[in-house]
Amino acid sequence: MFQFSSILAIACVLLALPIASAHGQAIEVKEAWVRGTVPGQKATGAFMNITSKAPARLVGAASPAAGAVEIHNMKMAGGVMKMSAVDGIDLPANQTVRLAPGGVHFMFLELKQALKAGDRVPLKLTFEVAGGKRDSVDLTVEVRTVTGEKKHGH
């Protein structure tokens, strides 16, 4: 027999690995998280791994936790790390695209309140799939500490 704690642990793992279908196309999102903030902070980043079974393009995101969510990329330019918004990210078939600190990621702008470790935030991703059609995937993303660590329960 499973103990309640085992069932709860399995449920938490399943919640952390949302899988969605975009017009019959499987898009898998794993290890999604949002960086926690301090009071008064108006922006933060979100990170995840995305794998699509067929070619697709991530073209946007939205969350009620922020006034805007943009796709950003960080890269070196003239010896200085610069961050800028991009209009999308190509998702080659069967290849995992990593959105991570220091590279491509989401920026939550105009935060409506501080995000603390252990909270969960709704996030809707918008994809362009075969034939230029758009579809979306709804996630509930874990907020982690400012260093990216999961909140530890005691």
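K.L.:
Residue-level account of the pattern of salt bridges, with values.
P.N.:
Counting across every chain of the model gives 7 salt bridges. Ionic pairing is found between arginine 134 and glutamate 128, a salt bridge with its closest N-O pair at 3.8 Å. A salt bridge links glutamate 142 to arginine 144, with the shortest nitrogen-to-oxygen separation between them at 3.3 Å.

K.L.:
Break down the packing of aromatic side chains for me, with residues and values.
P.N.:
The tally for this structure, following the rule as stated, stands at 1 aromatic pair. Centroid distance tryptophan 33 to phenylalanine 47: 4.6 Å. Interplanar angle 45 degrees. Geometry classified as tilted. A residue pair is termed long-range when its members are at least 10 positions apart, and tryptophan 33 in strand β2 (residues 25-35) and phenylalanine 47 in strand β3 (residues 43-52) qualify at 14 residues. The pair formed by tryptophan 33 and phenylalanine 47 is uniform in burial state, with each residue classed as buried.

K.L.:
Residues and numbers for unusual backbone geometry, please.
P.N.:
Trans is the common state for peptide bonds, and a negative phi is the common state for residues other than glycine. In this structure, asparagine 94 is a non-glycine residue whose phi angle is positive, near 60 degrees. For asparagine 94, a relative accessible area of 55% corresponds to the exposed category.

K.L.:
How would you sum up the pairing of strand β8 (residues 96-99)? Please name residues and give values.
P.N.:
Along any regular strand the residues' side chains alternate between the sheet's two faces. Across the two faces of β8 the burial differs, with Val97 and Leu99 buried and Thr96 and Arg98 not buried at all. Pairing between β3 and β8: 4 bridges, direction antiparallel. The residue of β8 that forms the bridge with asparagine 49 is arginine 98.

K.L.:
Run through the nonpolar core, naming residues and quoting values.
P.N.:
The biggest cluster of nonpolar side chains holds 31 residues, and the ones touching the most others in it are Met48, Ile50, Leu58, Phe106, Phe108, Leu125 and Phe127. In this structure, methionine 48 is in contact with Val29, Lys30, Glu31, Ala32, Val97, Arg98, Leu99, Phe106, Leu123, Leu125 and Leu139, ignoring residues within four places of it in sequence.

Scoring rules and cut-offs
- Residues numbered from 1 in each chain as written.
- Predicted model: local features only at pLDDT ≥ 70, side-chain atom pairs only at ≥ 80, totals over all residues.
- Heavy atoms only, no water.
- Salt bridge = Lys/Arg side-chain N within 4 Å of Asp/Glu carboxyl O.
- Phe/Tyr/Trp six-rings, centres within 6.5 Å; stacked < 30°, edge-to-face > 60°.
- Helix = DSSP H or I, 4+ residues; strand = E, 2+ residues; numbered from the N terminus.
- Buried < 20%, exposed > 50% of the residue type's maximum accessible area, 1.4 Å probe, protein only.
- Pairing = 2+ DSSP bridges.
- Core = buried A, V, L, I, M, F, W, Y, C linked by side-chain atoms within 4.5 Å.
- Contact = heavy atoms within 4.5 Å.

In short, shape yes, function no, at least from these values alone.
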